[in-house]
Structure formats: C-alpha cells, structure tokens
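Structural overview
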Amino acid sequence: MRPTQLAITTIAALLLAEPALAISRYNSTALTCDQVRQRVLNEGAVILRYPSTRVKGMTLYDRYVTRSAMCDPHEYAERAYVPTRDTARCPVLNCQDYDPETRRFGFGKPIIRF
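All values derive from a computational prediction rather than experimental measurement.

Moving on, we come to a nonpolar patch on the surface. A cluster of nonpolar residues, Val55, Met58 and Leu60, forms a patch on the protein surface that exposes about 220 Å² of accessible area. Tracing the backbone through its elements, the reader meets Leu60 in strand S3 (residues 59–65).

If you walk through the whole model with that rule in mind, you get one aromatic pair. Both rings, one in Tyr76 and one in Tyr98, keep their centres 6.2 Å apart while their planes meet at 85 degrees; by these two values the pair is edge-to-face. Here the residue Tyr76 occupies a position in strand S4 (residues 75–82), and Tyr98 occupies one in the segment after strand S5 (90–97), the gap between them amounting to 22 residues. One exposure class covers both Tyr76 and Tyr98, and it is buried. Over the ring of Tyr81 we find Arg89; its NZ or CZ atom is 4.0 Å from the centre of that ring.

This paragraph deals with the nonpolar core. Across soluble globular proteins, nonpolar side chains have a tendency to be buried as a group. Counting residues in hydrophobic clusters, the biggest one holds 13 residues, and the most contacted among them are Tyr26, Val36, Val46, Leu48, Tyr64, Val82 and Val92. Put simply, the parts of the chain that give this core at least two residues each are helix H2 (33–43), strand S2 (45–51), S4 and S5. Beyond its immediate sequence surroundings of up to four residues, Val46 is in contact with Ile23, Ser24, Tyr26, Arg39, Val40, Asp62, Arg63 and Tyr64. In terms of nonpolar packing, the next biggest core, distinct from the first, is built from eight residues, Ala45, Ile47, Leu93 and Cys95 among them.

A word on the state of the cysteines. Applying the stated criterion to the full structure yields two disulfides. A sulfur-sulfur distance of 2.1 Å marks the disulfide that ties Cys33 to Cys90. Between Cys33 and Cys90 the sulfur-sulfur dihedral comes to about 80 degrees; the bridge is accordingly right-handed. Taken together, the residues Cys33 in helix H2 and Cys90 in strand S5 connect sequence positions 57 residues apart. Relative accessible area serves as the criterion here: at 11%, Cys33 is assigned to the buried category. The class of Cys90 is buried, set by a relative accessible area of 0%.

Reading the values: the criteria
Residues numbered from 1 in each chain as written. Predicted model: local features only at pLDDT ≥ 70, side-chain atom pairs only at ≥ 80, totals over all residues. Heavy atoms only, no water. Patch = residues over 30% accessible without salt bridge, like charges linked within 9 Å, V, L, I, M, F, W, Y side chains within 5 Å. Areas by Shrake-Rupley, 256 points an atom, 1.4 Å probe, with all protein chains shown as cover. Salt bridge = Lys/Arg side-chain N within 4 Å of Asp/Glu carboxyl O. Helix = DSSP H or I, 4+ residues; strand = E, 2+ residues; numbered from the N terminus. Phe/Tyr/Trp six-rings, centres within 6.5 Å; stacked < 30°, edge-to-face > 60°. Buried < 20%, exposed > 50% of the residue type's maximum accessible area, 1.4 Å probe, protein only. Lys NZ or Arg CZ within 6 Å of the ring centre and 35° of its normal. Core = buried A, V, L, I, M, F, W, Y, C linked by side-chain atoms within 4.5 Å. Contact = heavy atoms within 4.5 Å. Disulfide = S-S within 2.5 Å.

Shown next, in the form of structure tokens:
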C-alpha cells in the first residue's frame, strides 16, 4: 500500500471511530428511570451498563438511542428495558439488526417512538 493510500485509510478510520469515542457512558442502576431517559433524549445516544441478573459479577452494556436514525443503516431502534435505581424495567430503545427478508409484510423498518 502506498503512503498516500495508507494516510487516507487511516484518516477515514479515525473519522468513523470518532462518534464512538464521544458517546457518554452511564451506570443505569445509579440513576432513576426518568434520569436515564432524559440523558438518552438529551444526547441522542448513550451507553448504559448494569449488572447481569443471570451471571453474578458480570456487567452488561449496550448503546441506547432516541430513534432509528441514530442506528446504522442495517439497524432499527427497538424497545428494550434496563434496570434503574427505581425500577427493574425502564423502557428505552436500542439498535437491532434489520433483515427485510424476515419482515412479514416487507413495509420497511418499524418506527418505534421513544
């Protein structure tokens, strides 16, 4: 690979990785459900972490968003639930893979409101 191509590839990789570096991370069990939902709304996307209920000592985490536009093109925002300080099931949205072949009526990605 020529130095010019290497430089362009490196710059492109850094620009694509930049949004992932800027995302806020929160421990969902330290916040109330309203606080979690407000942070997702304010920032558009956040990473929430919380303890697993199945495996002791394991921490789970995922990226939660306000709408499908915040997901990759092959994903859509689906309802999910995280534990918070005041409830075991706080409703949020996270990105799930979208496969148009498995959609029953093939009308496109579902739209779920935050």
